[in-house]
Amino acid sequence: MRKSISSSLCLFSVFLLLASCNAKEGHVRNVSLFTSGWQFHLGDIDDGHLPELDDSEWRTLNIPHDWSIEGEFSQDHPAGVGGGALPGGVGWYRKSFTVPESDSGKVISIEFDGIYRNSEVWINGEYLGKRPNGYISFRYDLSSHLNFGEQKNTISVRIDNSQQPNSRWYSGSGIYRNVRLVKTHPLYVDQWGTYITTPEINENGALVMVETQIINSLPDAQQFTLTTILYNEEGREVASVTSDQQLINDSEIIKQELEVTEPLLWSVDEPNLYTALSQVRQNGEVIDDYKTRFGIRNFHFDRENGFFLNNEHVKILGVCEHHDLGALGAAVNKRAIERRLEILKDMGVNAIRTTHNPPSTELLQLTDEMGFIVMDEAFDSWKKNKTEFGYYQDWDNWYKQDLQDFIRRDRNHPSVIMWSIGNEILEQWDSTGTPMAKELAGIVRDLDNTRPITSGMNDPEPHNSLIKSGSLDLIGFNYKHKAFKDFLNKFPGEIMIGAETSSALATRGEYHMPSDSIMRWPEAWDKPFEDGTEDFTVSSYDNVSAPWGSTHEETWREVKDRDFVSGMFIWTGFDYLGEPTPYSWPARSSYFGVIDLAGFPKDAYYMYQSEWTDKDVLHVFPHWNWTEGDTVDVWAYSSTQEVELFLNGNSLGRKAKAEDVFHTQWRVPYQSGTIKAVAYKDEAPTLTKEITTAGAPYKLRLNPDRTSLMADGQDISFIKVEILDREGNIVPKASNKISFNISGAGFIAGVDNGNPISHEPFKANYRNAFNGLGLVMIQTEEVPGTITLEAVSEDLEGAEVVLESKLK
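The residue numbering used here restarts from 1 in each chain and proceeds along that chain's sequence as written. The predicted nature of this model means local features are confined to residues of pLDDT at least 70 and side-chain atom pairs, given and counted, to a pLDDT of 80 or more, with totals for whole chains, interfaces and linings taken over all residues. Each side-chain value is derived from all of the structure's non-hydrogen atoms; neither hydrogens nor water enter the calculation.

Some remarks on the overall build of the chain
Our working definition: Secondary structure counts use DSSP, requiring at least four H or I residues in a row for a helix and at least two E residues in a row for a strand, with both numbered from the N terminus. With the radius of gyration taken over C-alpha atoms, the globule rule is written as 2.2 Å times the number of residues to the power 0.38. Note on contacts: a residue pair qualifies if any of its non-hydrogen atoms lie within 4.5 Å across the two residues. Here, Shrake-Rupley sampling with a 1.4 Å probe gives the accessible areas, and only protein chains in the shown set may cover a residue. Positive charges come from Lys and Arg alone, negative charges from Asp and Glu alone, with His and the N- and C-terminal ends not counted. The atoms used to mark charge sites are NZ of Lys, CZ of Arg, CG of Asp and CD of Glu.
The secondary structure content of the chain amounts to eight helices and 46 strands. A compact globule built from 808 residues should have a C-alpha radius of gyration of about 28 Å, and the chain, at 27 Å, falls within 12% of that. C-alpha extents for the chain along the principal axes are approximately 90 × 70 × 55 Å. Looking at the chain alone, contacts between residues at least 24 apart form 71% of all its contacts between residues at least 6 apart. Carbon and sulfur atoms form 44% of the exposed surface of the chain, whose accessible area is close to 30,200 Å². Taken as two groups, the 74 positive and 119 negative side-chain charges of the chain have centres that lie 2 Å from each other.

The following block contains the structure:
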């Protein structure tokens, strides 16, 4: 029997203009970022919601903001090392603003993309509500509580992240995602008010079905017209439709049909996007408009042959990603997310799993634009608790609204291909999971029946209560990679995906030998660190994994040639704060990433690049600074079949990769000098890489990812700091302290080095290098100008870089 799940969709991401629009251009909805000039107080206070409270001594800052990342590392913080060993607590945010008299008849609302956690909001002392879930986007209507004219309004937000642990990883604390103030006519398109599908797509055209939710907050019935216009990326109109409507004091969903001829399809290689403009008119005048970006594509999952996008077979090559951004903490920054996606794209990644919660809107905007498939995940737990103060406490009162808001917010993104209703849910182990899975899947399908539903399960067996519910379209395997080969026999009629794979462990730049001995670590949770090293490192040879997981090569071996395995999501793409397996304190961040916390690739990155891309790849390691008499294992990842290794000009032999082995290896008696690898294709040398024994640290080098920035107060240049010897070789074990001096139109947003046991602050103007590297992040001010960064270190030659920050 052959089972197929298909969906032909035109998916629209709710993409709001973040600048004020004017009526002359036909744009009358006013959407503005509400992020600057907030007052912040860490700690609880009485009457923090009262407008007359004097907050002049509070700290003034811009949001997004994460106060936890500014704290000191300590194993005694309530979040524990699993939560990143950083503080939580209670915090207050307040902002005063005025609203002109001309806005007195409008609907004015505030939209929060995410507040961690237990947020309560007041406007002018009036209570608006509470949202316990720290990852959910929501809004409040301010209209009836506002003062107009010169009299100020004060919005107050109390956040309680004091009851910890409430997360199994680093959560951050505060208003860590963006906030907007939205002003509309009383007759308007609702928040997340468009939903569009395309039931028919062919080479000649796409039938576009548009559902638009209109709200009438006026007391009387209103006559109006709704026009939907579709534009291509060049801004040319490609389709439009107009409907005449009448609406009483209520909301209504209006359905329309359009056709796009010769559509450019969205794919991972060509993420073509369109724009939809919804216009509400009365008496010929536009009174509200709502912009949405969209992409047209179709896909289906096939039981035997895996995943197809636009009728072409695509292996889903994904990574799991937590929401923190390293030294920036949980505070959202679009450029920081974009940089991560660029690094992953270069590795060959084409998919992201948003583990284990709704992501930022910026992430999904970028996955739409850059071409990533997304498994969008709602929950890490349901009613059974994984942490003492976790979401299970709020489940009964909030799961339905949180899930509905999550689906409505994200259901129009072309990158979102799958919904996950949970990760390693404890209810999978007993009968309670069956009715809960049915209910949650029903909520999802009521709002979007075009995507398959899955769940990441660490017990993917037929007896699993989530599987027995019949509610899942995809069986999500968390690990159990050796069971992949039995899937077709064990699960007749079902389709699978590796929802979470690998859990390989490594520290960048650390090498423990012998490299061909596999270690599962920790062996048992009651003696987790007995086999550890004194410096709390893990070898960067791909020979260590957590006991539930597998190495990168072991995992890819099980996925590569099995078409019915529709894809995999590595745990994880980047290291993340918290959950520092296999160690505990003093470690405070993970070892799972293919890329370290600072964004520097570990060696396994190049294995994937050699397998997942068409690039010419040759990566040889380790470094070549050892002790005479050592025997050193040398590995090479290459996109070619054969590699030859030389030591100081003498060939050590040409080797071909063995079947199902994705590297070549030599065991070499160490001599200082140079090792050289040469990759061969059809007997011709194609690539050469050399590593030379480095001398003593001599100088610094700064390598910015970009030197031209936007003066928007958000753009960041990520500057790699390298410690070099006199000849320009990176010194592989250098740990010199580096200090940074900055002048001009920017500031230091964070520093890092990728070391999972470093307790240096992320918010500082210094950092010790780790294995020869460091990172400094320079963020722009909201004024243009030159930014000069100087790096200095005792007894080393310094370095300087000049950046330019410009207006649009």
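That covers the picture; the talk isn't over yet.
Let's talk about the sheet that holds strand S43 (residues 766–768)
Put simply, the test is: At least two DSSP bridges between two strands are required for those strands to pair. Between N-to-C directions, angles span 0 to 180 degrees; the directions come from axes that are lines fitted to C-alpha atoms, helices contributing only their stretch in contact.
Taken in spatial order, the five strands of this open sheet run S39-S46-S45-S41-S43, and their pairing is mixed. With one partner strand each, in any of the chains shown, strand S39 (708–710) and S43 form the two edges of the open sheet. With direction set aside, neighbouring strand axes in the sheet form an average angle of 25 degrees. Where strand S41 (residues 737–744) meets S43, three bridges bridge the pair, whose relative direction is antiparallel. Of the residues in S43, the one forming a bridge with lysine 737 is asparagine 768.

A word on the nonpolar core
Nonpolar side chains tend to gather and get buried jointly when the protein is soluble and globular. Test applied: What we call a nonpolar core is a set of buried Ala, Val, Leu, Ile, Met, Phe, Trp, Tyr and Cys residues that are connected through their side-chain atoms within 4.5 Å. Throughout, exposure labels follow a simple rule: accessible area from a 1.4 Å probe, protein chains only, divided by the maximum for the residue type, with under 20% read as buried, over 50% as exposed, and the rest as partly exposed.
Counting 105 residues, the largest nonpolar core has Leu341, Met347, Trp382, Leu403, Trp612, Trp624 and Val634 as its most contacted members. The element that contributes the greatest number of residues to this core is helix H4 (residues 433–447), accounting for seven residues. If you look at the next biggest cluster of nonpolar residues, it comprises 37 residues, including Trp169, Val314, Ile316 and Ala587.

Observations concerning the side chain of asparagine 753
Rules: Polar contacts, as used here, are pairs of N or O atoms within 3.5 Å; protein pairs need one atom able to donate a hydrogen and one able to accept it. Residues neighboring in sequence count only if both atoms are side-chain atoms.
Looking at where asparagine 753 falls in the secondary structure, it is placed in the loop between strand S42 (746–752) and S43. Since its relative accessible area comes to 2%, asparagine 753 is described here as buried. Within the local environment of asparagine 753, its side chain forms a polar contact with the backbone oxygen of asparagine 768, the two atoms lying 2.7 Å apart.

Notes on helix H7 (residues 552–559)
Burial analysis of H7 places seven of its eight residues in the buried class, the great majority of the element. When we look at burial in H7, the residues that qualify are His552, Glu553, Glu554, Thr555, Trp556, Glu558 and Val559. Each element contacted by the buried residues of H7 is listed here: strand S21 (316–320), strand S27 (496–502), strand S28 (519–520), strand S30 (565–571), helix H8 (604–612) and strand S32 (631–638).

A look at the pattern of salt bridges
Spelled out, the test is: Whenever a carboxyl oxygen of Asp or Glu lies within 4 Å of a side-chain nitrogen of Lys or Arg, that contact is scored as a salt bridge.
Counted according to the given criterion, the structure contains 48 salt bridges. As a salt-bridge pair, aspartate 380 and lysine 386 come within 3.3 Å of each other at their nearest N and O atoms. A residue is classified by how much of its surface remains accessible, and lysine 386, at 25% relative accessible area, is partly exposed. Residue glutamate 461 is joined to lysine 490 by a salt bridge in which the shortest nitrogen-to-oxygen separation is 3.1 Å. In this pair, glutamate 461 sits in the loop between strand S25 (453–457) and helix H5 (465–468) while lysine 490 sits in helix H6 (residues 487–490), placing the two residues 29 residues apart along the sequence. Assessed through its relative accessible area of 35%, lysine 490 is described here as partly exposed. By sharing partners, the salt bridges in this structure join Asp44, Glu120, Arg158 and Asp160 into a single network.

A closer look at the pairing of strand S13 (residues 205–216)
For S13, the buried fraction is high: nine of the 12 residues fall into the buried class. Pairing between strand S12 (residues 187–201) and S13: nine bridges, direction antiparallel. Residue pairing in the sheet places threonine 194 in a bridge with threonine 212 of S13. Between S12 and S13, which pair antiparallel and follow one another directly, the connecting turn spans three residues. In the sheet, S13 pairs with strand S16 (residues 251–261) via 11 bridges, with the strands oriented antiparallel. Bridge pairing in S16 places glutamine 213 opposite isoleucine 253.

Here's the deal with the environment of phenylalanine 487
Along the chain, phenylalanine 487 falls in helix H6. Sequence-wise, phenylalanine 487 and valine 565 are 78 residues apart; in three dimensions their C-alpha atoms are separated by 8.9 Å. Leave out the neighbours within four places in its chain, and phenylalanine 487 touches Arg303, Ile475, Phe477, Glu494, Ile495, Met496 and Phe564.

Overview of helix H3 (residues 395–410)
The test is simple: For a helix, the expected span equals 1.5 Å multiplied by the residue count minus one.
Taking 1.5 Å of rise per residue, 16 residues should cover 22 Å, and H3 covers 21 Å from first to last C-alpha, within 8% of that figure. Of all the residues in H3, the buried ones are Trp395, Trp398, Tyr399, Asp402, Leu403, Asp405, Phe406, Ile407, Arg408, Arg409 and Asp410.

As for the pairing of strand S19 (residues 306–309)
Across four bridges, strand S18 (residues 285–302) lies against S19 in antiparallel orientation. For aspartate 302, the partnering residue across the bridge sits in S19 and is glycine 306. In sequence, S18 turns back onto S19 through a hairpin of three residues. Across two bridges, the pairing between S19 and strand S20 (residues 312–313) is antiparallel. In the strand pairing of S20, phenylalanine 308 is matched with histidine 313. Where S19 folds back on S20, the antiparallel hairpin that results is connected by two residues, among which asparagine 310 adopts a positive phi of roughly 55 degrees.

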